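Tertiary structure, described
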Amino acid sequence: MPPSPLIDILLVEDNPNDAELTLRALKEHNLANTVHLARDGAEALEFLFGEGPGRTAVPKVILLDLKLPKVDGLEVLRRLKADDRTKLIPVVVLSSSREEPDIATSYRLGANSYIVKPVDFEAFVRAVSDVGLYWLLLNESPH
Amino acid sequence: MALSLRSKILLAFAAALAILGAVGLVSYRNAVETSDSAAWVAHTLEVRHDIDELVSEMKDAETGYRGYILTNRPSFLVPFDSAARRGPALVRALRDLIQNPAQQRRLDTLALLVNAKLAFGDSVVAVLRRRSQSAATDLVLTERGKVLMDQIRGVGRDMGVAELRLLAERTAILDRTASRTRHAIIIGSAVAILLLLLAGISVTRELAARQRAEQELDRFFSLSLDLLCIATFDGRFIRLNPAWEKTLGYTLADLKAAPFLDFVHPEDRERTVTEMGRLVAGSNAVGFENRYRCKDGSYRWLLWMATPVPDRGLVYATARDITERKEAEVALRQANAELEAFSYSVSHDLRAPLRAIDGFARTLTLDAAPTLGPENLRLLEVIRSSAKQMGQLIDDLLAFSRLSRKSLDAADVDLAALARAVVEEVRKAGGRPGVEVVVAPLPPTRGDPAMLHQALFNLVDNAMKFTRHQPAARIEIGTRAENGESIYYVRDNGAGFDMRYAAKLFGVFQRLHRTDEFEGTGVGLALVQRIVHRHGGRVWAEGAVDRGATFYFTLPGVS
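Residue indices follow the written sequence of each chain, beginning from 1 at its first position. The lettering of chains begins at A and the numbering of ligands begins at 1, in the order of writing. Reporting in this predicted model follows two pLDDT cut-offs: at least 70 for local features of residues, and 80 or more for side-chain atom pairs to be given and counted; totals over whole chains, interfaces and linings ignore these cut-offs and use all residues.

Side note on the overall build of chain A
Within chain A one finds five helices and five strands. Every C-beta atom is placed from the backbone, and the number of other C-beta atoms within 10 Å of a residue's own sets its class: buried at 20 or more, exposed at 12 or fewer, partly exposed in between. Counting every position in chain A, which comprises 143 residues, the buried fraction comes to 41%. The helix and strand labels rest on DSSP assignments: H or I over at least four residues marks a helix, E over at least two residues marks a strand, and numbering proceeds from the N terminus.

Next comes the structure, spelled out in structure tokens:
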């Protein structure tokens with residue numbers, strides 16, 4: 001998938017079911033037309049920092065799962081908050097984990113929100129769409 | 001007055017010494033008095049002798065001048081002349097000897113008589129020389145000389161008798177004193193000997209007791225499983241018990257041969273030196289830990305209790321081999337870390353499939369509703385609610401396991417304010433404004449605010465849940481004091497429970513009601529129990545079916 005300057009959301013999610021459900025949730029609120037899906041941390045970093053032309057576009061918001069193969073979510077978060085090109089992109093951690101250290105570390109690394117993925121799909125849709133609406137429509141992006 | 005045995009013994013010795021001193025003094029005085037008594041006897045004899053001699057001299061004087069008259073030979077005057085010299089000399093000698101006033105007066109009389117007698121003698125001799133033998137004889141025949149002589153004899157006899165009486169009086173007094181002195185010496189000596197005997201017995205007993213105590217200590221010293229030692233301030237062992245050999249493998253001689261720091265793990269040496277410095281400065285070492293090298297090169301962890309004796313420059317210490325505990329701690333930390341990783345994994349991975357089940361069942365419900373019959377839609381709903389319930393179970397279980405790992409952060413807690421806040425939260429979540437909730441004044445306590453919040457939340461939430469079918473629901477949060485301890489309670493007038501199953505209330509996943517009666521996972525009260533236990537308290541419940549339930553708990557001070 002070639003990167004597009006029109007990408008609004010970068011979704012970093014290794015679980016295809018969760019990815020599909022997230023996309024559905026976003027679609028229900030008409031937010032899914034410009035979503036890029038990265039299936040692990042390495043793919044996410046490749047998308048954000050990969051070599052080649054046309055890498056100027058940055059997503060308006062990143063939805064980041066924490067437990068990822070290859071490079072885990074916290075590492076992705078650390079790298080993109082340490083880079084001048086990406087550190088202003090709002091990052092919403094979407095994780096199954098409600099463990100205190102995960103939440104604390106995420107915020108310390110600069111996450112803008114931390115959302116525990118509920119089992120209840122309705123609640124999940126609400127959470128995802130709230131975040132999407134907030135960061136995409138209400139928040140004045142620095143870009 | 002409670003005196004130590006030591007002071008009693010010292011006192012007995014001091015008393016015995018004082019008595020013996022007094023006895024010595026009395027004996028000395030007695031000896032002096034005895035010699036005084038002998039002196040008095042000699043004195044009396046001397047006085048009587050001098051008096052006898054004086055009387056005899058006077059007799060000689062009379063014989064002298066009488067013989068002179070009879071013979072007219074001057075050689076007969078020799079005794080008279082001698083008496084004329086010796087008489088006054090004897091009177092002077094007596095004057096020096098006699099101190100008794102009555103005797104002195106008698107001596108004065110005697111002296112006058114002696115002078116008169118000698119003067120009479122002189123006058124007889126003078127008459128004989130100047131006139132005639134018959135005139136002198138006439139003078140003698142006046143019997144003046146005889147009278148004087150008789151008087152001298154009488155006074156001399158009186159003085160002798162008086163002197164004897166005086167001697168008797170003095171001897172009687174001395175005898176009485178001597179008798180008292182003897183008694184004092186006998187009694188004093190007896191008391192002193194008794195005291196010394198008692199003190200001696202006490203000392204012997206005390207020594208025996210000390211010896212026994214020492215033997216006892218020695219036995220314990222040798223028996224102790226802990227490592228006992230005495231070390232000098234400059235860092236050497238001077239006494240060690242056999243446990244050292246058993247624990248470290250070195251002989252006691254090996255251990256005494258080098259500074260003990262040589263046996264301490266290099267990483268622990270600095271801390272050990274610091275701790276030793278504190279001991280030398282006079283404070284005790286409590287709970288200090290370091291590692292000691294064994295003969296085989298391995299190290300043992302030792303936990304120390306030590307106390308300095310500064311005036312002797314020594315440290316008394318006992319150490320416990322806690323190596324196994326330390327190893328267990330490491331193992332426990334590893335196990336905890338593994339458990340944490342496991343919980344994380346459960347938290348993350350177990351919920352994802354449930355989300356998919358719920359999410360796709362919902363998608364199906366929305367997308368295929370027209371083609372699925374109502375029964376199929378109901379089944380899809382069952383799938384969804386089961387997935388959600390399992391999600392809840394996982395969440396509760398994780399909350400429960402998190403609680404055991406979380407450290408307890410104690411702070412002052414206003415339990416009443418916390419209870420009121422919790423009631424508001426539960427009301428909002430449950431939407432039951434009609435329930436009457438009474439929060440009594442609660443004493444301030446110490447505990448982990450977040451944990452206590454969770455415990456109160458679960459109890460109040462429970463009370464709300466089980467009063468759901470009660471039209472006049474009432475919940476009361478209060479306290480009562482029992483044996484100086486505050487017992488907190490949350491009481492409701494809801495469904496209650498059968499006391500026969502009270503023991504099951506606080507078990508994880510234990511429920512006394514069916515899910516279709518009252519929903520729940522059976523973790524809430526287990527959580528409450530764990531929180532209360534973490535605070536060192538107790539939790540229990542009383543209730544009856546349809547008559548409400550009361551949950552009690554205590555929160556002993558947490559520092």
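So, next bit.
A word on the pairing of strand 2 (residues 237–240) of chain B
All names here are of chain B. A pair of strands is treated as paired once DSSP finds two or more bridges between them. Sheet topology note: the strand 1 (residues 227–232)/strand 2 ladder contains three bridges and is antiparallel. Residue pairing across strands places cysteine 229 opposite leucine 240, the latter belonging to strand 2. The loop that links strand 1 with its antiparallel partner strand 2 comprises four residues; one of these, glycine 235, has a positive phi angle of about 90 degrees.

As for the environment of B:Phe80
All names here are of chain B. You can see phenylalanine 80 is positioned in helix 2 (residues 78–97). Counting along the chain gives 13 residues from phenylalanine 80 to glycine 67, while the straight-line C-alpha distance between them is 9.9 Å. Each residue gets a C-beta atom placed from its backbone, and two residues are in contact if those atoms lie within 7 Å. Those residues in contact with phenylalanine 80 that lie beyond four places of it in its chain are Ala61, Gly64, Tyr65 and Gly121.

So, helix 1 (residues 16–28) of chain A
Note on helix geometry: an α-helix contains 3.6 residues per turn, so any two residues three or four positions apart are oriented the same way. Residue and element names in this part refer to chain A. Residue count minus one, scaled by 1.5 Å, sets the expected span of a helix. End to end, helix 1 covers 18 Å across 13 residues, agreeing with the expected 18 Å (1.5 Å per residue, within 8%). What helix 1 keeps buried is the set Asp18, Leu21, Thr22, Ala25 and Leu26. Mapping the buried residues of helix 1 onto a view down its axis gives an arc of 135 degrees, with all of them on the same face. A positive phi of about 55 degrees marks asparagine 30, the residue just after helix 1. The arc in question is traced by the directions running from the helix axis to the C-beta atoms.

Observations regarding helix 3 (residues 73–82) of chain A
Residue and element names in this part refer to chain A. Of all the positions in helix 3, only Gly73, Leu74, Val76, Leu77 and Leu80 are classed as buried. Buried residues in helix 3, looked at end-on, bunch into an arc of 155 degrees, giving them a common side. Buried residues belonging to helix 3 abut strand 1 (9–12), helix 2 (41–49), strand 3 (61–64), strand 4 (91–95) and helix 4 (100–108).

Side note on the interface of chain B and chain A
The interface is formed by 15 residues belonging to chain B together with 15 residues belonging to chain A. Taken together, the elements giving at least two residues each to the side of chain B that touches chain A come down to helix 9 (323–368) and helix 10 (374–405) of chain B. Top contributing element to the side of chain B that touches chain A by residue count: helix 9 of chain B, with twelve residues. For this classification, the nonpolar set comprises Ala, Val, Leu, Ile, Met, Phe, Trp, Tyr, Cys and Pro, the charged set comprises Asp, Glu, Lys and Arg, and every other residue, Gly included, is treated as polar. Of the residues contributing to the side of chain B that touches chain A, the split by class is five nonpolar, five polar and five charged.

Side note on the confidence of the model for chain B
Known as pLDDT, the predictor's confidence for each residue is given on a scale from 0 to 100. Across chain B, the average pLDDT comes to 88, with 99% of residues at 70 or higher. Among the scores for the predicted complex, ipTM is 0.78 and pTM is 0.51.

Examining the environment of B:Gly156
Residue and element names in this part refer to chain B. Note that glycine 156 resides in helix 5 (residues 144–223). The exposure class of glycine 156 is buried, given the 23 C-beta atoms found within 10 Å. On a C-alpha basis, the gap between glycine 156 and isoleucine 51 in space is 5.9 Å, while along the polypeptide they are 105 residues apart.

Some points on the sheet that holds strand 4 (residues 299–309) of chain B
Residues and elements named next belong to chain B. Pairing within the open sheet is antiparallel, and its five strands lie in the order 2-1-5-4-3. Each end of this open sheet is capped by a strand with a single partner; those strands are strand 2 and strand 3 (285–293). Here the average twist between neighbouring strands, direction ignored, is 30 degrees. Bridge analysis of strand 1 against strand 5 (residues 314–321) gives six bridges, and the strand direction is antiparallel. Across the sheet, the residue bridging to cysteine 229 is alanine 317, located in strand 5. Axes here refer to lines fitted to C-alpha atoms; in helices the fit is confined to the stretch in contact. Angles between the N-to-C directions go from 0 to 180 degrees.

What to know about the pairing of strand 5 (residues 113–116) of chain A
Residues and elements named next belong to chain A. Of the strand pairs in this sheet, strand 4 and strand 5 are connected by four bridges, and their pairing is parallel. Opposite leucine 94, over in strand 5, you have isoleucine 115 as the bridge partner. With helix 4 bridging strand 4 and its parallel neighbour strand 5, the resulting β-α-β unit is right-handed. Orient the strands so they point away from the viewer, and a crossover whose first-strand-to-second-strand path over the helix runs clockwise is right-handed.

Re unusual backbone geometry
Residues and elements named next belong to chain B. With a phi close to 60 degrees, asparagine 72 is a non-glycine residue in the positive phi region. The residue asparagine 72 is located in the loop between helix 1 (5–71) and helix 2 in this model. Its 12 C-beta neighbours within 10 Å are what place asparagine 72 among the exposed residues. The phi torsion at glutamate 143 lies on the positive side, around 65 degrees, for a residue other than glycine. By secondary structure assignment, the location of glutamate 143 is in the loop between helix 4 (133–141) and helix 5. Residue classification places glutamate 143 among the exposed positions, given that 10 C-beta atoms sit within 10 Å.

Comments concerning the packing of helix 12 (residues 449–466) of chain B against helix 13 (residues 524–534) of chain B
Axes are the key here: two packed helices are described by the angle between their axes and the distance separating the axes. Residue and element names in this part refer to chain B. Interhelical geometry of helix 12 versus helix 13 gives an angle of 145 degrees and a closest axis separation of 9 Å. As helix 12 packs across helix 13, the resulting crossing turns out to be left-handed. Along its contact with helix 12, which presents Met451, Gln454, Ala455, Asn458, Leu459, Asp461 and Asn462, the element helix 13 presents Gly524, Leu525, Leu527, Val528, Ile531, Val532 and Arg534. Taken together, the residues that form the contact of helix 12 with helix 13 break down as eight nonpolar, four polar and two charged. Should the near helix be turned anticlockwise from the far one by less than a right angle, the crossing is termed left-handed; should it be turned clockwise, right-handed.

Some thoughts on the packing of helix 2 of chain A against helix 3 of chain A
Residues and elements named next belong to chain A. One can describe the packing of helix 2 onto helix 3 by two numbers: an axis separation of 9 Å at closest approach and a directional angle of 20 degrees. If you check the angle between helix 2 and helix 3, you find them roughly parallel. Read as a crossing pair, helix 2 and helix 3 show a hand that is right-handed. In this structure, helix 2 uses Gly41, Ala44, Leu45 and Leu48 to contact helix 3, whose residues at the interface are Gly73, Glu75, Val76, Arg79 and Leu80. The labels follow the angle: roughly parallel below 35 degrees, roughly antiparallel above 145, roughly perpendicular from 65 to 115, and oblique for the rest.

Observations regarding the sheet that holds strand 10 (residues 485–492) of chain B
Adjacent strands of a sheet form backbone hydrogen bonds with each other and so pair up, either parallel or antiparallel. Residue and element names in this part refer to chain B. One open sheet holds the five strands; their spatial order is 7-9-10-12-11, and the pairing between them is mixed. A single partner strand is all that each edge strand has here, and the edge strands are strand 7 (436–439) and strand 11 (539–543). Sheet twist, expressed as the average angle between the axes of neighbouring strands with direction ignored, equals 20 degrees. Pairing between strand 10 and strand 12 (residues 549–554): six bridges, direction antiparallel. Following the sheet pairing, isoleucine 487 is matched in strand 12 by threonine 554. On top of the sheet, helix 11 (residues 415–430) reaches strand 7 and strand 9 (474–482); it is set at about 165 degrees to strand 7, its chief contact. Against the sheet, helix 12 contacts strand 9, strand 10 and strand 12, and its axis sits at roughly 30 degrees relative to strand 10.

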